[in-house]
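Tertiary structure, described
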Amino acid sequence: MQQISQDLHKSTYTETTIIPSCCYEVFIDFLLEHTQGAVEETILHESGESLAQFKCYPREHLALVSPAQAIIIRSMHDPLETPLYAYALDSGEAKSTASIESTKPALDSGVQDSCSISSQNLIQALESLAHTLSQRLDIPVGFAYRIETKRNEDWIALYQQSISPLECANYYIRASWHPPLETLQCAPESSTLDSPALASCRDFRPKHEIIINPALAFGSGHHASTFMCIEMLSHMDLRGKHCLDVGCGSGILGIIISKQGGIVEACDVDELAVIETRKNFVQNATPLHKIWHGSIDSRPKSQESASLDSTSMSQSPLDSNIIKPHTPESPIAYDLVCANIVADVLACMHHDLLHVLKPNGILLLSGILESKLAWILQIFGDMRMLEQHHKDEWVSLKLARIP
């Protein structure tokens with residue numbers, strides 16, 4: 001563990017790419033046995049110029065062609081200097097005393113035992129393996145290799161940098177590791193704050209900030225279908241309106257509905273989405289009236305629901321029990337229902353969505369590919385079209401229930 005910790009602080013590592021001429025599986029087994037580490041199998045599609053960077057053993061008969069079946073080993077060790085036993089020591093395991101012969105039956109009378117192999121560096125050991133295979137199989141066996149020095153990146157930091165803040169209508173949506181809106185708006189023109197949203201935030205002043213950390217549950221606002229829903233919701237006065245977010249995902253749309261004044265209920269058939277939604281409502285100090293695991297027809301009775309709001313929520317929303325699907329109560333009517341799912345599911349839910357809406361109630365549909373728009377419009381033809389929005393290849397609809 002100490003060695004691993006030290007390795008994480010090194011700025012570079014070596015990447016060794018190996019292309020065996022034959023006996024590919026034997027090379028794989030050999031590397032796994034003698035390095036005690038993970039190897040990557042891949043197919044290389046290299047140009048002639050790139051293949052020229054490979055060194056070959058033996059030189060006289062090995063011709064490289066693309067594509068080629070290759071093995072990649074990444075390590076902090078120098079494959080031309082470090083003995084093989086050092087690889088095994090890093091893995092926390094003692095080097096096996098099994099000989100090369102025990103790795104593959106074809107090596108039943110190998111030239112060198114494992115002790116001498118372990119004292120060789122990686123390339124030397126592979127040369128010994130190829131030589132032994134050539135003798136035992138009576139065919140020429142060789143390999144090509146390329147050694148590259150790579151930068152040891154902080155992949156977590158790179159991932160976090162790739163999740164940029166989002167501005168949509170009156171909302172600034174960011175992950176928790178990005179600067180808050182107040183910091184950006186107050187920053188002087190000469191500020192060097194590392195945020196792609198900094199410049200525009202000085203001119204564009206969103207009213208609300210929402211924190212959503214990317215997770216498995218869908219909904220950060222970056223997808224076109226979610227973005228269009230946010231735009232539509234931001235222009236709606238929902239004060240005192242009863243609203244339902246169907247397929248809530250991360251809860252981002254429910255949070256926006258709440259910030260627009262709505263009384264929010266939410267549901268999702270994915271239990272993870274229910275957990276994420278509750279967590280994100282807490283993180284944004286936003287009231288959530290009711291949430292359940294299941295679809296519209298699984299809505300729990302009021303006395304069985306775990307009502308959540310910004311003042312009564314526990315510090316850890318994950319400790320609360322998720323409401324499970326059970327015998328539904330009599331339908332309740334909503335002023336607004338938002339369903340950002342996919343066209344096929346929306347089509348199947350047509351009756352349920354219509355059934356829970358009040359007369360003149362609003363239905364927001366999103367997640368519809370343009371190729372399926374005509375089909376969805378036909379299915380929801382019993383409603384009045386109010387708005388239709390297009391972004392990239394996606395469509396969002398604002399419909400009203402006809403009294």
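Refer to the structure printed above.
Residues numbered from 1 in each chain as written. Predicted model: local features only at pLDDT ≥ 70, side-chain atom pairs only at ≥ 80, totals over all residues. Heavy atoms only, no water.

Attention now moves to the nonpolar core. One finds Ile173, Ile230, Leu233, Ile257, Leu336 and Leu364 to be the most contacted residues of the largest nonpolar core, which totals 31 residues. Taken together, the elements giving at least two residues each to this core come down to β6 (166–168), β7 (171–174), α11 (224–234), α12 (252–259), β10 (263–268), α13 (271–283), β12 (334–340) and β13 (357–369). With near-sequence residues (within four places) excluded, Leu233 lies in contact with Leu238, Leu253, Ile256, Ile257, Gln260, Leu336 and Leu364. Counting 26 residues, the second-largest nonpolar core is a separate cluster that includes Trp292, Tyr334, Ala343 and Phe380. (Core = buried A, V, L, I, M, F, W, Y, C linked by side-chain atoms within 4.5 Å. Buried < 20%, exposed > 50% of the residue type's maximum accessible area, 1.4 Å probe, protein only. Helix = DSSP H or I, 4+ residues; strand = E, 2+ residues; numbered from the N terminus. Contact = heavy atoms within 4.5 Å.)

Moving on to the sheet that holds strand β14 (residues 383–391). In space, the seven strands of this open sheet follow the order β11-β10-β9-β12-β13-β15-β14, with mixed pairing throughout. Looking at strand neighbours, the two that pair on one side only are β11 (290–293) and β14, the edges of this open sheet. Across this sheet, the average inter-strand angle for adjacent strands is 15 degrees, counted without regard to direction. As judged from the four bridges shared by β10 and β11, these two strands associate in the parallel manner. Bridge pairing in β11 places Cys267 opposite Trp292. Contacts between α12 and the sheet are confined to β9 (242–246), β10 and β12, with β12 contributing the most and set at about 150 degrees to the helix. Strands in contact with α13 are β10 and β11; relative to β11, the strand with the most contacts, it is inclined by about 160 degrees. (Pairing = 2+ DSSP bridges. Axes fitted to C-alpha atoms, helices over the stretch in contact; angles between N-to-C directions.)

With respect to the element layout, Gly261 can be found in the loop between α12 and β10. Linking Gly261 and Cys243, residues 18 residues apart in sequence, is a C-alpha distance of 9.9 Å. Among all residues touching Gly261, those that are not within four sequence positions of it are Leu238, Arg239, Gly240 and Lys241.

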